[in-house]
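# Structural characterization, general
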Amino acid sequence: MKIICSRNNLVKGVSIVSKAVPSKTTMPILECILIDASLDTIKLTANDMELGIETTIEGEVVEHGILALNAKIFSEIVRKLPDNDVVIDAESDSQALITCEKAKFNIAAQSGEDFSYLPAIEKENFFTISEFTLKEAIRQTIFSIADNDSNKMMTGELFEITDDKLRVVSLDGHRISIRKIELKDSYEPRKVIVPGKTLQEISKIIGGEAEEYVDISFTKNHIVFEFDKTVVVSRLIEGDYFKIDQMLSSDYDTKITVNKRELLDCIDRATLLIKEGDKKPIIIDIGDESMQLKIKSQIGSMDEDIFITKEGKDLLIGFNPKFLIDALRVIDDEEVELYFMNAKAPCFIKDKQQTYIYLILPVNFNAVV
């Protein structure tokens, strides 16, 4: 095998597929990036058996062939090469010569025949969404997945299609994040649970342009994202997702409208008094035209008043400040509406069209007040 391509194209391609290289594995071949030049295109692939990424880069195939190179060594070499054309030449499965200007690296290689290719998946039942919309939907929900495996469902996000609507849902037991997206066409109803790790990597890879599109298709066990000469294949999480609709309510006894930036900045200031790992709640005291936010810790105390528009009853309620910050940071509206029932019921932050809904459970604050 012999290929020639620019260092920039190679760096970009290696960076994309490296996200599917496992950090730990008992199979050395999975620590590799596959270079497939068996046809007249150059394809790079990595696969950890849960997530697989394949991308095509521009370049010249001088001699056809396939080869697997250790991802860590290969990526560090290409990143530090001069900004010029790179030649990768392999006369056997066991050695590869990487040349760029006066730099020459001779490194060990493995046979491409041993590599685990991405599963062949028919592109059926796919829908199309802009890179921008997908990236935003992930950004606005990914923070509320659980980061441990005690409940596998909570480590993924629900993608639910109904007619021309896509609903993306995440939860971690303390909060729920929901984004609703209008699609250009109608589709058959479908529900799948996509691993959070997959969505985090997708978000890093896609450019986020409004004019660029991603095709998303499903099989029984996999989800496929196709965009910009790149294919990402991920296993789905098996099982039935939580019954989210039973957790949502339109009833409220108190509703407030508040400037989002003011509220976010105030809570952010309050967290200055919380040590890392400390679980001090922020107390919100809702009155007629203002609400008082206060926090008390070993470091000190703070209170601040914010102007609001209120409907309904006064209320005293406490929250984990991080959960409020996470939700407010990803809302782009100038004003936000918060809905409450009582001090023990969840708070809902949502817009009138319910394109986003954030449910946050309150915390017991008796020891603080």
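So, here is what we can say about the structure in this document. (Residues numbered from 1 in each chain as written. Predicted model: local features only at pLDDT ≥ 70, side-chain atom pairs only at ≥ 80, totals over all residues. Heavy atoms only, no water.)

Before going further, it helps to spend a moment on helix α5 (residues 260–270). The complete set of buried residues in α5 reads K260, L263, L264, C266, I267 and A270. End-on view of α5: buried residues confined to an arc of 165°, all on one side of the axis. (Buried < 20%, exposed > 50% of the residue type's maximum accessible area, 1.4 Å probe, protein only. Helix = DSSP H or I, 4+ residues; strand = E, 2+ residues; numbered from the N terminus. Arc of directions from axis to C-beta.)

Before going further, it helps to spend a moment on the packing of aromatic side chains. Here the distance between the centres and the angle between the planes together describe a pair of aromatic rings. Applying the stated criterion across every chain, the model contains 8 aromatic pairs. Between Y241 and F242 the ring centres are 5.3 Å apart and the planes differ by 70°, which places this aromatic pair in the edge-to-face class. By relative accessible area, which is 11% here, Y241 ends up buried. Each residue in the set F127, Y187 and F218 is aromatic and connected to the rest through ring pairs, giving one cluster. We note K350 situated over the ring of Y339; from NZ or CZ to the ring centre the distance is 5.0 Å. (Phe/Tyr/Trp six-rings, centres within 6.5 Å; stacked < 30°, edge-to-face > 60°. Lys NZ or Arg CZ within 6 Å of the ring centre and 35° of its normal.)

Angle between the axes and distance between the axes: these two values describe a pair of packed helices. For the pair helix α1 (residues 7–17) and helix α2 (residues 71–79), interaxial distance at closest approach is 9 Å and the crossing angle is 145°. Both α1 and α2 take part in a crossing whose hand is left-handed. Residues R7, L10, V11 and V14 of α1 touch α2, and the partners they reach there are F74, S75, V78 and R79. For the contact of α1 with α2, a count of residues per class yields 5 nonpolar, 1 polar and 2 charged. (Axes fitted to C-alpha atoms, helices over the stretch in contact; angles between N-to-C directions. Left-handed = near helix turned anticlockwise from the far one by under 90°. Contact = heavy atoms within 4.5 Å. Nonpolar A, V, L, I, M, F, W, Y, C, P; charged D, E, K, R; others polar.)

Attention now moves to the pattern of salt bridges. Pairing of side chains with opposite charge becomes possible as their charged atoms draw close. Counted by the stated rule, this structure contains 24 salt bridges. Across the salt bridge formed by K191 and E160, the nearest N and O atoms sit 3.9 Å from each other. Here E160 lies in strand β12 (residues 156–171) and K191 lies in strand β13 (residues 175–195), a separation of 31 residues in the sequence. (Salt bridge = Lys/Arg side-chain N within 4 Å of Asp/Glu carboxyl O.)

A few words now on the packing of helix α3 (residues 131–139) against helix α4 (residues 196–205). Two elements in contact, α3 and α4, have axes whose closest approach is 10 Å; the angle formed by their N-to-C orientations is 135°. In this view, α3 runs oblique relative to α4, as classed from their interaxial angle. Crossing of α3 over α4 shows left-handed handedness. Two secondary-structure elements touch here, α3 through L134, K135 and I138 and α4 through L199, I202 and S203. Classifying every residue of the contact of α3 with α4 gives 4 nonpolar, 1 polar and 1 charged. (Parallel < 35°, antiparallel > 145°, perpendicular 65-115°, else oblique.)

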